[in-house]
Structures are given as structure tokens and as C-alpha cells.
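Remarks on the overall topology
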Amino acid sequence: MSEQTYRPDQAWRESLEFGAGFARSAEALGRISEMDVDVGATPKTEIMRLEKVTLSRYTPLEGVEVRTGPVLIVYGLVGRYTMADLQEDRSLVRNLLGRGVDLYLVEWGNPTRADQFLGMEDYTDWFLGDCVDRICAEAGVDQVTLLGICEGGTFSTIYAARHPEKVKNLILTITPIDFHADADDPDVTHGILNVWARSLGAQDIDRLIDAFGNLPGEILGSVFESLTPVRNLTKYNLDLHDIASDDERLMNFLRMEKWLADRPSHPGTAARQWLIDLYKENRLVKGTFELGGEAVDLGRLTMPVLNVFALRDHIIPPPCAKALGPLVGTDDYTELALPGGHVGVYVSSKSQGIVGDTVFDWLVERQ
């Protein structure tokens, strides 16, 4: 193989082109304000407020007949629901509304130090329970369908196991159930978050939370960024350089960055349970995770269950989600495996129609 010849003129041109790309990026970003980067823009109406928690109903799309019972979207405390409504053409929310799903949303708000003693029982039995009751009264039904996302899927699972009489269907997306099942995943790039959480000493977790009252959103954000270090090093230079002249791709990039940066603090007591009881000790699948003095029994999930997970999910490895199947108490259990990653379930153009169609068809069959 011959050695590559160094050409100063070519290197100079490439350097100039790269510098010009940075100038275009700066100019493009200078034209955009934060208000222009709209996420979670699908119209909805607040119908109840409980301290910092709000319950809203999405406005049905004009000309679309509502064809299902009420479905409540439950996101976790580690981020914002806006991942499911990032932009009009990549929005699970709009996809479901467009198919006639009657859609509701619970938002947890911005926890402060005053909320440090709120635990998972507060968020599942009380806040989520009150939302379910209000929807039942609003819609004139006895049960609702829960659509849980990530940590919100775990909350939904726990609520459904403790109150199966109130849950018509349970839909889970990228939801951790067995927090140690990543050991069975052949892809070593999966489960790094699980390994990190298990490596923490319980006393270290207690000290961190005692210092702040809560688990700060900034720390959560830095942990997630550390899972893909090369990606985070290159996206603000190479990626921006490539998309600066394409307004649509640039706005897509900025919407994603806005969602990533909007990381609320996680209430302290619930964070201890999440990191110690679930991530470290894996109590949920062992049947030893207790709320209100009672163990959560996944065998009480007797309603139909749809479990959606991503085959390339580096945050929730597929085995951690699939572990639910043998534990439920229903024969009506369905899995949908998608080819993308954690966020791709909601923002990938390839996944949009698949998830929307599957959820809608699955719901209609169980009306």
C-alpha cells in the first residue's frame, strides 16, 4: 500500500471549508430564539392540579372521531414527557390523536427541596391514583388505559399491580422491570447505566441525596451524557457543521437538545427507592418491593398488557423490559420489539407509524 501524499493545498481548502461551516452554524443559531424551539406543542387543556402535579386532556384533532376509551400517558421523574411530542411530524401524541385515541397526560412539575420526602407511593397510589379517578369521572368510565414511558412505565406497572380493578389495559414503552437482566444481554454496550447504579454504595446514594434533598437534574443529565461520550463530544461541532444550512434538520437537533437539557430534580425519597430498592437490589421482580407495607405483586397484572421495547436501547436493555412477560397474571400479553434505540421509539421516522398503528389496533381489539 502506498503512503498517502500530504497535499498542503488540499489541507488548506478543507480547513477553510470547516471554518466556513462553523461560521454558518453560528449565523444560523443567531437567528433562532428559545421560543422558536417549541416542544410539547400539541394543544391540551388542564383539568386538575394537585400541588405541582397537573392532569390534562389533549384536544382531539379536528375531523378525527374518538374511537377509544381514555388513555393516560405517564412519564417518569427523570425527564419530561415532551420526548413523546417533540415536533408535529415526529410525535407519538399526535399519531395517537390522529387515529382517534382519547389521550390524557400527567405532568409531575418541577420538584424542589420541599418535595424531598415524596416517595413512589405518593406518585403511584396518590397522585397517579387521583388522576385515574378524575379521568374516570370525566369520561364516565370505571377504568382507564395507562401508557407508561420509561420510569413512568414502572410507576404504571406498580399502580396497575396494586389497583388492577382501575386499569383496563397496560401499555409499557422502554420500561425497566428486571434491573439486573442486562447480565443476559449479549450486547456489552447495553446496561452501562445499570452497572453504574449497582456500583454505587447505598451510603453514597444517601449522602448525595441528603446533601441536596433531591437527586439534582444536573447530575442525572451528566450521567446520561456519560453513557455516549463520543456522541456528546462531536454533536456540537461535526453535527452542527453538517446541518447548519438545513433549517428543518437544525430545528430537529435543537428540539432534541432542549428536551435533553430540561432535566428536573428527582424527589429524594423516590430517588432512594429507584436507585437502591430497584436498581441495586432488584426488589420488584423478587417480590420484595413494598409500598404502604405491602409487597408489589406483578402477578396481579390481570389486564391486557402491551410491552414495547427497543432492541438497541443502551439505557433500558431489552432483557430488562422483556422480563415482565413471565411475571404477569394475564394470558393477554403482547410484545413489540423495535429496531432503534431508547429515544428512537418516539422520534425516529421509522418507528412513528409502527408504534401508533400497533397501539391503536391493540386498543381497538380490546374495546
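Up top you'll find the structure we're talking about.
Let me begin by describing the structure that accompanies this report. Sequence order sets the numbering: in each chain, residues are counted from 1 along the sequence as written. Reporting of local features is limited, given that this is a predicted model, to residues whose pLDDT is at least 70; pairs of side-chain atoms are given and counted only at 80 or more, and all residues count toward the totals for whole chains, interfaces and linings. Calculated side-chain values reflect all of the structure's heavy atoms, with hydrogen atoms and water omitted.

1. Comments concerning empty space enclosed by the protein
Operational definition: The way it works is a 1 Å grid over only the protein atoms, where trapped points that fit a 1.4 Å probe form a cavity and open points with protein on both sides within 12 Å along at least five of seven lines form a pocket, and then any residue with an atom within 4 Å of a point lines it. Grid points are joined across faces, edges and corners, and a volume is the space filled by probe spheres set on the points. The classification used treats Ala, Val, Leu, Ile, Met, Phe, Trp, Tyr, Cys and Pro as nonpolar, Asp, Glu, Lys and Arg as charged, and all other residues, Gly among them, as polar.
Under the criterion given, the structure shown has one cavity of 30 Å³ or more. By volume, the largest cavity is sized at about 50 Å³. Per-class residue counts for the lining of the largest cavity are six nonpolar, no polar and three charged.

2. Some points on the pairing of strand β7 (residues 144-149)
Quick note on the threshold: Three exposure classes are used, based on accessible area relative to the maximum for each residue type with a 1.4 Å probe and protein chains only: buried under 20%, partly exposed in between, and exposed over 50%. Only DSSP runs of H or I reaching four residues or more are called helices, and only runs of E reaching two or more are called strands; each is numbered from the N terminus. Paired strands are those between which DSSP finds at least two bridges. Call a crossover right-handed when, viewed with both strands pointing away from you, the route from the first strand across the helix to the second goes clockwise.
With six of its six residues buried, β7 lies for the most part within the structure. Of the two faces of β7, the one lined by V144, L146 and G148 and the one lined by T145, L147 and I149 are each fully buried. Note: strand β3 (residues 70-74) against β7, four bridges, orientation parallel. Paired with L72 across the two strands is L146, which belongs to β7. Bridge analysis of β7 against strand β8 (residues 167-173) gives six bridges, and the strand direction is parallel. If you follow L147 over to β8, its bridge partner there is I171. Read from β7 through helix α4 (residues 151-162) to β8, the crossover connection turns out right-handed.

3. Some words on the layout of surface pockets
In this structure, the largest pocket occupies an estimated 1,300 Å³ of space. Elements with a minimum of two residues in the lining of the largest pocket: β4 (85-87), α5 (192-199), α7 (217-226), α8 (229-243), α9 (247-261), α10 (268-280) and α13 (344-347). Examining the composition of the lining of the largest pocket, we find that eight residues originate from one element, α9, more than from any other. Residue classes in the lining of the largest pocket are distributed as 29 nonpolar, 11 polar and eight charged. What the second largest pocket holds in volume is close to 210 Å³. Along its surface, the second largest pocket is lined by 13 residues, and R80, Y81, E107, W108 and G109 are the ones closest to its centre. Here the residues of the lining of the second largest pocket are counted per class, giving seven nonpolar, four polar and two charged.

4. As for the pattern of salt bridges
The condition that has to hold: Salt bridge, as applied in this entry: a Lys or Arg side-chain nitrogen positioned within 4 Å of an Asp or Glu carboxyl oxygen.
Across all of its chains, the model carries 17 salt bridges by this definition. Linking E138 and R134 is a salt bridge whose minimum nitrogen-to-oxygen distance equals 3.6 Å. With a gap of four residues between them, E138 and R134 both fall in helix α3 (residues 120-139), about one helical turn apart. A residue is classified by how much of its surface remains accessible, and E138, at 42% relative accessible area, is partly exposed. Here R134 falls in the partly exposed class, since its relative accessible area comes to 31%. One salt bridge in this structure joins R366 and D332, with 2.9 Å as the shortest N-O distance. Of this pair, R366 sits in the segment after α14 (349-365) while D332 sits in the loop between α12 (318-322) and β12 (333-338), and the two are 34 residues apart along the sequence. According to the relative accessible area criterion, R366 is buried, its value standing at 17%.

5. What about α7?
Residues separated by three or four positions in an α-helix point in the same direction, a consequence of the helix having 3.6 residues per turn. Stated formally: To obtain the arc, one takes the directions from the helix axis to the C-beta atoms. Contact between two residues is taken to exist if any of their heavy atoms lie within 4.5 Å; hydrogens are not considered.
Where α7 is concerned, the buried positions are G217, L220, G221, V223 and F224. Considered in projection along α7, the buried side chains sweep an arc of 160° and stay on one side of the axis. Buried residues belonging to α7 abut α5.

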